[in-house]
Amino acid sequence: TPSKVRKKDLKEREDLRHLPLVTIDGETARDFDDAVFAERQGKGWRLIVAIADVSHYVLPNDALDQDSFSRGNSVYFPRRVIPMLPEALSNGICSLNPQVERLCMVCDMQLSAKGKVKHYRFYPAVMKSQARLTYNQVWHWLTEGAAEAPPTLLPHLQHLFEVYRLLAANRQKRGAIDFDTVETQIVFNEQGKIDKIVPVQRNEAHRLIEECVLAANVCAAEFILQAKRKCLFRMHEGPTPEKLKNLRAFLKLSGLSLEGGDEPTTADYAQLAEQVKNRPDAAVLQTVMLRSMQQAVYTPEQKGHFGLAYEVYTHFTSPIRRYPDLLVHRTIKAILNETKYRPLKKWQEMGVQCSMTERRADEASREVETWLKCHYMQQHLGEAFSGKVTAVTSFGLFILLDEIYTEGLVHISELGEDYFHHDAERHAIVGEGSGLTYRLGDTLQVKVARVDLDQLKIDFTLVKKQVPRPQANKNRRKRS
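Computed from a prediction, not measured in an experiment: that's the story for all the values here.

(A) Looking closely at the sheet that holds strand S19 (residues 437-439). The three strands lie next to each other as S17-S18-S19, forming an open sheet whose pairing is antiparallel. At either margin of the open sheet sits one strand with a lone partner, and together these are strand S17 (420-423) and S19. Strand-to-strand twist across the sheet, computed as the mean angle between neighbouring axes with direction ignored, equals 20°.

(B) Spotlight on the pattern of salt bridges. Applying the stated criterion across every chain, the model contains 23 salt bridges. Arg17 is paired through a salt bridge with Asp15; the nearest N and O atoms lie 2.8 Å apart. For Asp15, a relative accessible area of 37% puts it in the partly exposed group. The shortest N-O distance in the salt bridge between Lys277 and Glu274 comes to 3.1 Å. Salt bridges here are not isolated pairs; linked through shared partners, they connect Arg171, Asp178, Arg202, Glu210 and Glu211.

(C) Broad picture of the environment of Gln99. When you line up the elements, Gln99 lands in the loop between helix H2 (87-93) and strand S7 (101-111). For Gln99 and Val22, which are 77 residues apart along the polypeptide, the C-alpha to C-alpha distance reads 9.9 Å. Beyond its immediate chain neighbours, meaning those up to four positions away, Gln99 contacts Lys128, Ser129 and Gln130. Among the polar contacts made by the side chain of Gln99, one reaches the main-chain carbonyl oxygen of Gln130 at a distance of 2.8 Å.

(D) Molecular detail of the packing of aromatic side chains. Under the counting rule described, the total for this entry stands at 12 aromatic pairs. Between Phe122 and Phe223, the aromatic rings sit 5.2 Å apart at their centres with planes inclined by 40°, giving tilted as the arrangement. Here Phe122, found in strand S8 (residues 117-128), pairs with Phe223, found in helix H5 (residues 204-226); they are 101 residues apart in sequence, far enough to count as distant. Note on Phe122: relative accessible area 4%, which makes it buried. Note on Phe223: relative accessible area 16%, which makes it buried. Taking the centre distance of 6.1 Å and the plane angle of 85° together, the rings of Phe395 and Phe398 count as edge-to-face. Among the aromatic residues, those joined into a ring-pair cluster are Tyr120, Phe122, Phe223 and Phe316. In this structure, Arg79 is placed above the aromatic ring of Phe188, and the distance from its NZ or CZ to the ring centre is 4.7 Å.

(E) View of helix H6 (residues 241-253). Between its first and last C-alpha, H6 extends 19 Å over 13 residues, near the 18 Å set by a 1.5 Å rise per residue. The set of residues buried in H6 consists of Leu244, Leu247, Ala249, Phe250, Leu251 and Leu253.

(F) Looking closely at the packing of helix H1 (residues 63-71) against helix H9 (residues 323-337). Between H1 and H9, the shortest axis-to-axis distance is 9 Å and the interhelical angle comes to 130°. The pairing of H1 with H9 is recorded here as oblique in orientation. Residue-level contacts link Asp65, Ser68 and Phe69 of H1 to Tyr323, Leu326 and Arg330 of H9. Looking at the contact of H1 with H9 residue by residue, the class counts come to three nonpolar, one polar and two charged.

Parameters and conventions
- Residues numbered from 1 in each chain as written.
- Predicted model: local features only at pLDDT ≥ 70, side-chain atom pairs only at ≥ 80, totals over all residues.
- Heavy atoms only, no water.
- Pairing = 2+ DSSP bridges.
- Helix = DSSP H or I, 4+ residues; strand = E, 2+ residues; numbered from the N terminus.
- Axes fitted to C-alpha atoms, helices over the stretch in contact; angles between N-to-C directions.
- Salt bridge = Lys/Arg side-chain N within 4 Å of Asp/Glu carboxyl O.
- Buried < 20%, exposed > 50% of the residue type's maximum accessible area, 1.4 Å probe, protein only.
- Contact = heavy atoms within 4.5 Å.
- Polar contact = N/O pair within 3.5 Å; in protein donor to acceptor, adjacent residues only side chain to side chain.
- Phe/Tyr/Trp six-rings, centres within 6.5 Å; stacked < 30°, edge-to-face > 60°.
- Lys NZ or Arg CZ within 6 Å of the ring centre and 35° of its normal.
- Expected span 1.5 Å × (residues − 1).
- Parallel < 35°, antiparallel > 145°, perpendicular 65-115°, else oblique.
- Nonpolar A, V, L, I, M, F, W, Y, C, P; charged D, E, K, R; others polar.

As structure tokens, then:
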């Protein structure tokens, strides 16, 4: 693998080295897939999303390609990444590092004054990122720290922010669902021990990059469909009839309803998400809404993306860390070169494999995070915390602790002397004799009783048993 861009690599590429493209990522990121730039163009805008040209270095069906396909994704752990590609590529020649020449695939868009994509063009190019910026840094410059921003970059960042506001307004009009889910970050001290577990604060610089990326992904899907080529699309389907029935039953208990009858639209979900976001049980309601939808998958079928309210959608913007994006790049290049791209296996099989590796990577990340949280909780044995019921099962209640974002189980045998049974429709556990009810979203005081590092389980006991809810109270609750 070459360590820098060679003269022969520049053949038939457009030269964007003069443009002040920048990357904006998290503090710990080391592989930079995407760089962005915006400028005024007439009454509208030009938005450029430049993506690392991995397909120039990873050739179809070679050993590296086969290995990347079997990995499918980079896997992210706290403090460590298992990259899909060798580090010489993922952090080196493919990564859009600052102040070095890099090959890229570009989605060059023309937007109207209202932020609608009127025209787009794909082409291979050479670029030079002007800066490696972080979300927090950019957001600080755009809000209160303009005087601290490099004067060569600030106007371009302000342009990007104006474009983002137009794209975000269109997202709202489209009725895409916006969930405010809380992600957590494990903070380590200098000795490598866990210091604390904190929520990750997303700001509008995160959303700025997200909207630019979404716009490029939609253009990529349209480009492939217009050329009548096969590829992997990102498909996300709405609720199944059964899941919809369960969702409506639960919402009814919370005094809420989902519009749209048997076939609710994304906008119906978005309206409900907006309604619940300031409620104390917002996180629980969002979880139930999310669970009612199907899992997103990679497939050659094009059925759109329910959650984002797109009729066509694919993944184009992360070929360093996702194999489907690499396939999309190759397909786009084949269209531009008027050639045919044939993948390693049938498209359907490719989709099944890529969906599986994505789930596998997510599960591995979650498992490591859970182990670390269990390890951390060993120092808190016997301590009491407040937490919310995040799941109700036939064997007990899962509780997420408010301050340290760690989940554990209160076993059904810990709930009291009564015989308790599981009411799946109401997401509740009910005492037969006492009528004592524990529901999804309830706040409970619990004590850390046991931590099992081998099975990744934390057991809680209740600090004080709940007082039975009077019947009238239950009815009043339903109406509220």
